Number of protein chains: 2
Amino acid sequence: MQNDWLESRVQVSPTQTALLMGDRQWRYAELNRLVSGCCARLAALGVQPGDFVGVLLPNSSLYVCLIHALARLGAVLVPLNTRLTLAEWQWQVAYVDCRMVLCEPEAAAAGQDVRLVPVDETWLDAESAVWESQQFGLNRVQAVVFTSGTSGRPKGAMLTFSNHFYSALASAYRVGVLPDDLWLSCLPLYHVGGLAVIWRSCLYGTAVDLHPKFDLMAVNDSLNHKPISLISLVPTMLARLLESRQTWPETLRLALIGGAAAAPDLLARALAAGLPVATTYGLTEAASQVATMRPEDVRRKPGSVGRSLLFTTVRIVAADGRDLPPDEIGEIVVSGPTVMAGYVGEDALTDHTFHTGDMGYVDADGDLWVVQRRSDLIVTGGENVYPAEVEAVLKSHTAVEAACVVGLPDVEWGQVVAAAVVVKEGTAVTAAELTQLCRQRLAGYKLPRQIYFVPDLPLTASGKIARQELAQNLAIARLASGVEPTVSQPEPLS
Amino acid sequence: MQNDWLESRVQVSPTQTALLMGDRQWRYAELNRLVSGCCARLAALGVQPGDFVGVLLPNSSLYVCLIHALARLGAVLVPLNTRLTLAEWQWQVAYVDCRMVLCEPEAAAAGQDVRLVPVDETWLDAESAVWESQQFGLNRVQAVVFTSGTSGRPKGAMLTFSNHFYSALASAYRVGVLPDDLWLSCLPLYHVGGLAVIWRSCLYGTAVDLHPKFDLMAVNDSLNHKPISLISLVPTMLARLLESRQTWPETLRLALIGGAAAAPDLLARALAAGLPVATTYGLTEAASQVATMRPEDVRRKPGSVGRSLLFTTVRIVAADGRDLPPDEIGEIVVSGPTVMAGYVGEDALTDHTFHTGDMGYVDADGDLWVVQRRSDLIVTGGENVYPAEVEAVLKSHTAVEAACVVGLPDVEWGQVVAAAVVVKEGTAVTAAELTQLCRQRLAGYKLPRQIYFVPDLPLTASGKIARQELAQNLAIARLASGVEPTVSQPEPLS
């Protein structure tokens, strides 16, 4: 049981800078008053302790205040991915039974089955000196963060205050913290990577330079004019940044590269350019970082994500449940105090152990290598796409007999989404029609960039679709054709 | 409940440097094997979970291993001040009912009422790969650290793993931590300031450069040849260091000045010399730091100890229990997760609140100023002397009618111990006789440096001895006489 973290922070560092956005900045004492003002607004709307409250907003100072305010009220934050379609996020909101969804005014007309509450900057006018906080019970759920499930149905990971607390301290002990740190965060707050920076900085008493999204010019502008010391990036962003500048500010002591596997070549280029990159393996289900490798080790071993953080244990497990020796590939199993309480609607994880579905190995030094994210997971520009979800949409078309969605390697995006479709006998369909169908029901980043029509899908011995084989076939076909993607790739995580 | 901290650290940072002493160094994996070896030795001697085990040793790598080994075995460390007389530490050992006392071979013959176990470097020959650890229950007592009591009887502060855990993280968040930090520690491990550095560094995964004692040449040698980034000093040590060198290594980012109030002039000299000093107010009863002020603030406000650490609250309370407004002097009351479980043999502190007896105020910015340690407490060269204990010895002499012991201001030592003695009618005694008596029963640092014979002691309106007035009288008498002290001052904290 702890007191409200922001309140605790204000007691000891009221004048320290908490948040920057563009030219504006807020000290901890100011932020705290804005948060109490938001508490008053939320309470007036009927928010009660224990309520689930959806937030469908882009990154903003208001969003940061809402995170703290919901915690202070004892409510549970349900951050919604702004790139989802109406149907997609409404499903999530219904699933956890949100009392309301806070959204931009222009989105407030969309709701049918849920109460939509428009919020805007005027919420920050109503400062309030004090709002009596609910205690931060360490086992209390702070947020439900949705990840797509293998079944195609998203799952809501319940993250507790304890998860964030241990994540913050173990991250500090791995990568260091200095009282004047300034963390540039351009990851969305609905992703655990963005959310974790907010809690971490509040506990440390350090500042966040928050960006609405990854905008190359804006990020470079921050790097040039603010004393940025840390930055979180997905590999796609890192690649773009590297192309855009030759030198790095002296203040920048670490770039944390996560969200997807970074190619060793990309890491080598970054280090050669003088950018100290730390690779990390993170999970929504473990409140962000599980393992992180410091720059001097990345130089020696590009591609590994290093050792697990303090108090977190990584095991590599065979299909039969055996622990595997060094250098043997198996499923990555994570244990420790950052592992979520469980998924909403499923059994609680009582032993703080999560079977990731990701494949990897630990080398003789004890460093982790992630060979492949959850067998069928596609990571494109930092966003996760689960094939089953896209396949379900494709198969809903009357002319589609079978469909398989895979990720193809891509220099800029890590992976791009591609689909193989088998057309039913006696029917016909175009790629444009299928793309149109997907666009209606799926977030833009989930759309197949290329749709291949095939006579049949390759099968494994046990009769399942041979995804690996298909992915290889499609990659070869793409190389042979030299064809441009059907759909252009959206911005990463914007 | 957590796993053994050293074991947790070894899992994630086996090759990181843990400890340096002179030219020798140990990595975490090596230290861990030595600790398991010590566990085997201690278990063979009969040490059981829950046992209290005294350690009467100077700083050494073996001492560090014993700290970890006793924790791993579930036993409670009772670090004994090596400067105490036999009678003094035997009283402490008997009071907590130590199962044994680990000491240097030459001291092992001294014991009569307690089992003395000689330990030496050969204990570090018996490496052992594994020793099954007791869980670190956060409410489990890790150590009993004795402080002198106002009654003249020492009190044993029970420090839990939770106390150290929160102290470590809050200290990191205040002064920063970097993965390659190297902390020079020349404070004795039987003081909380020395002990806290060991746990803190283990949790951070950083290294300690441990010195057997404060030796000016050895400390300068470390500063010149090792990448020291942090150092803990009491003001007397700071003064000596400042006289001994002009420049400071670039790696040194902070000198933590605690143990006694540092004079604003001394701090100003340190800052002018380019040494980044952070002032701190620490208590044995709060696992070390309560408040700490960063160097840039010390420059602005020399003499304050700054804000309390995260999760720790400082209140200033009047004699009637009222909370006092800013700038009013009252008793300093500390609350938070670093506050001890209680004193051995007294009621537990169930609300994590400790009434320090120290006087101070909080200014309008919220920064703490310590006006006077526990009204009668004397701090000399970093050691605490409680007048009642010394007075009891003086009064035991048949020729002494009354005695009062006070601290007189001193440039080098902060304070020096002085006594005023009233001789019984019809009897006679010399200062040398009284010094001899004190020397038999008290640690050297507690001896009055000057004994004044007076016809009577000044009294307050309520009939108590007017200590403040007496101290002023003696200070004036000292100035007027220009006499050298009766007893020369020992080394600080050696």
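Residues numbered from 1 in each chain as written. Chains lettered and ligands numbered in written order. Predicted model: local features only at pLDDT ≥ 70, side-chain atom pairs only at ≥ 80, totals over all residues.

## Regarding the overall build of chain A
Each helix and strand in chain A was counted, giving 13 helices and 24 strands. On C-alpha atoms alone, chain A measures out to a radius of gyration of 22 Å, which is about the 23 Å that the 2.2 N^0.38 rule sets for 494 residues. When the backbone C-alpha atoms are referred to their principal axes, chain A occupies close to 70 × 55 × 45 Å. Out of the 494 residues in chain A, the part that is buried amounts to 52%. A sequence separation of at least 24 residues applies to 65% of the contacts in chain A between residues at least 6 apart. (Helix = DSSP H or I, 4+ residues; strand = E, 2+ residues; numbered from the N terminus. Rg over C-alpha atoms; globule rule 2.2 N^0.38 Å. Buried ≥ 20, exposed ≤ 12 C-beta atoms within 10 Å, placed from the backbone. Contact = placed C-beta atoms within 7 Å.)

## Brief notes about the pairing of strand 24 (residues 450-453) of chain B
Residue and element names in this part refer to chain B. Where strand 23 (residues 414-423) lies against strand 24, 4 bridges are found, and the strand directions are parallel. Pairing of Val421 across the sheet is with Phe453, part of strand 24. What joins strand 23 to strand 24 is helix 12 (residues 431-441), and the crossover it makes is right-handed. (Pairing = 2+ DSSP bridges. Right-handed = clockwise from strand over helix to strand, strands pointing away.)

## Some words on the nonpolar core
Residues Val53(A) and Val53(B) are the most contacted members of the largest nonpolar core, which totals 329 residues. Beyond its immediate chain neighbours, meaning those up to four positions away, Val53(B) contacts Val47(B), Leu70(B), Ala75(B), Val76(B), Leu77(B), Val78(B), Cys98(B), Arg99(B), Met100(B) and Leu102(B). (Core = buried A, V, L, I, M, F, W, Y, C linked by C-beta atoms within 7 Å.)

## Here's the deal with helix 6 (residues 192-204) of chain B
All names here are of chain B. Over its 13 residues, helix 6 extends 18 Å from the first C-alpha to the last, a length consistent with the 18 Å expected when each residue adds 1.5 Å. Of all 13 residues that make up helix 6, 13 are buried, and the element is covered over most of its length. Note on helix 6: the residue one or two positions beyond its end, Gly205, has a positive phi of about 80°. (Expected span 1.5 Å × (residues − 1).)

## Things to note about the domain arrangement of chain A
All names here are of chain A. Partitioning chain A into domains gives domain 1 (5-372) and domain 2 (378-481). Between the C-alpha centres of domain 1 and domain 2 the distance comes to 30 Å. For the side of domain 1 that touches domain 2, the secondary-structure elements that each account for two or more residues are helix 4 (86-95) and helix 8 (235-244). Partitioned by chemical class, the residues of the side of domain 1 that touches domain 2 number 7 nonpolar, 10 polar and 2 charged. (Domains from an automatic or database assignment. Nonpolar A, V, L, I, M, F, W, Y, C, P; charged D, E, K, R; others polar.)

## Remarks on the packing of helix 1 (residues 5-12) of chain B against helix 2 (residues 28-44) of chain B
Residues and elements named next belong to chain B. Between helix 1 and helix 2, the shortest axis-to-axis distance is 9 Å and the interhelical angle comes to 145°. In this structure, the crossing between helix 1 and helix 2 has a hand that is left-handed. Counting all contacts with helix 1, which are made through Leu6, Glu7, Arg9 and Val10, the residues of helix 2 involved are Tyr28, Ala29, Leu31, Asn32 and Val35. Across the contact of helix 1 with helix 2, the residue classes tally to 6 nonpolar, 1 polar and 2 charged. (Axes fitted to C-alpha atoms, helices over the stretch in contact; angles between N-to-C directions. Left-handed = near helix turned anticlockwise from the far one by under 90°.)

## Some points on the relation of the copies chain A and chain B
Overlaying chain A with chain B gives an RMSD of 0.1 Å, the required rotation being 180° about an axis along which the chain moves by 0.0 Å. Taken together, the turn and the small shift mark the pair as related by a two-fold rotation axis. Minimal C-alpha distance to the rotation axis in chain A is attained by Val177(A), lying at 2.7 Å. When the interface residues of chain A are mapped onto chain B, 100% of them again lie at the interface, so the same face is used by both copies. (Least-squares fit on C-alpha atoms with pLDDT ≥ 70 in both.)

## Points about the sheet that holds strand 12 (residues 254-257) of chain A
Residue and element names in this part refer to chain A. In spatial order, the strands read 2-1-10-9-11-12-13-14; together these 8 strands make up an open sheet with mixed pairing. Both outer strands of the open sheet, strand 2 (24-27) and strand 14 (288-293), are each paired with one neighbouring strand and no more. Going from strand to strand, the sheet's axes swing by 25° on average, the running direction of each strand aside. As judged from the 2 bridges shared by strand 1 (residues 17-21) and strand 10 (residues 207-210), these two strands associate in the parallel manner. Residue pairing for strand 10: Leu20 is matched across the bridge by Asp209. Most of the contacts of helix 2 (residues 28-44) go to strand 2, to which it runs at about 90°, and overall it touches strand 1 and strand 2.

## As for the environment of Val144(B)
All names here are of chain B. On the secondary structure map, Val144 appears in strand 7 (residues 141-147). In this structure Val144 comes out as buried when scored by C-beta crowding, with 24 C-beta atoms within 10 Å. Each C-alpha atom of the pair Val144 and Pro264 lies 33 Å from the other, and the pair is 120 residues apart in sequence. In contact with Val144, not counting residues within four places along its chain, are Phe52, Val76, Val78, Val96, Gly156, Ala157, Met158 and Val344.

## Observations concerning the interface of chain A and chain B
With 26 residues of chain A at the contact, the number on the chain B side is 26 residues. For the side of chain A that touches chain B, the secondary structure elements donating two or more residues are helix 1 (5-12), helix 5 (161-175) and helix 6 (192-204) of chain A. Classifying every residue of the side of chain A that touches chain B by side-chain character gives 13 nonpolar, 9 polar and 4 charged.

## A short note on unusual backbone geometry
All names here are of chain B. You will see that Asp97, though not glycine, has its phi angle at about 55°, which is positive. In this structure, Asp97 sits in the loop between helix 4 (86-95) and strand 5 (100-103). Residue Asp97 is classed as exposed on the basis of its 11 C-beta neighbours within 10 Å. Phi at His352 is positive, roughly 55°, even though this residue is not glycine. Tracing the sequence through the fold places His352 in the loop between strand 17 (342-343) and strand 18 (353-362). With 19 C-beta atoms packed within 10 Å, His352 lands in the partly exposed category.

## Concerning the pairing of strand 1 (residues 17-21) of chain B
Where strand 1 of chain B lies against strand 2 (residues 24-27) of chain B, 4 bridges are found, and the strand directions are antiparallel. Across the sheet, the residue bridging to Leu19(B) is Trp26(B), located in strand 2 of chain B.

## Topic: helix 7 (residues 216-225) of chain A
Three- or four-residue spacings in an α-helix give side chains the same orientation, since the helix completes a turn every 3.6 residues. Residues and elements named next belong to chain A. Among the residues making up helix 7, those that are buried are Val219, Ser222 and Leu223. Burial along helix 7 is one-sided: seen end-on, the buried residues are contained in an arc of 95°. Opposite the packed face of helix 7, turned more than 90 degrees from it, sit the exposed residues Met217, Asn224 and His225. Where helix 7 is buried, its residues touch strand 9 (182-185), strand 10 and helix 8. (Arc of directions from axis to C-beta.)

## A short note on the environment of Arg153(B)
Residues and elements named next belong to chain B. You can see Arg153 is positioned in the loop between strand 7 and strand 8 (155-160). With 14 C-beta atoms packed within 10 Å, Arg153 lands in the partly exposed category. When the C-alpha positions of Arg153 and Arg307 are compared, they lie 32 Å apart, and in sequence the two are 154 residues distant.

## Regarding the sheet that holds strand 2 of chain B
Residues and elements named next belong to chain B. Here we have 8 strands laid out as an open sheet, ordered 2-1-10-9-11-12-13-14, and mixed in their pairing. The strands lining the two open edges of the sheet, one partner per strand, are strand 2 and strand 14 (288-293). This sheet shows a mean twist of 25° between the axes of neighbouring strands, independent of strand direction. As paired elements, strand 9 (residues 182-185) and strand 10 (residues 207-210) share 4 bridges and run parallel to each other.

## Quick word on the packing of helix 5 (residues 161-175) of chain B against helix 6 of chain B
Residue and element names in this part refer to chain B. At their nearest, the axes of helix 5 and helix 6 sit 9 Å apart, and the two run at 75° to each other. Judged by the inter-axis angle, helix 5 sits roughly perpendicular to helix 6. From helix 5, His164, Ser167, Ala168, Ser171 and Ala172 reach across to helix 6, where they touch Ala196, Trp199, Arg200, Leu203 and Tyr204. Along the lines of polarity and charge, the residues of the contact of helix 5 with helix 6 split into 6 nonpolar, 3 polar and 1 charged. (Parallel < 35°, antiparallel > 145°, perpendicular 65-115°, else oblique.)

## Brief notes about the environment of Arg322(A)
All names here are of chain A. As for its position among the elements, Arg322 is in the loop between strand 15 (313-317) and strand 16 (330-335). On the basis of neighbour count, Arg322 is assigned to the exposed category, with 11 C-beta atoms found within 10 Å. When the C-alpha positions of Arg322 and Pro455 are compared, they lie 40 Å apart, and in sequence the two are 133 residues distant.

## Topic: the confidence of the model for chain A
Averaged over all residues, the pLDDT of chain A is 91; the fraction at 70 or higher stands at 94%. For this predicted complex, the interface confidence score (ipTM) comes to 0.85, while the overall pTM stands at 0.87. (pLDDT = per-residue confidence, 0-100.)

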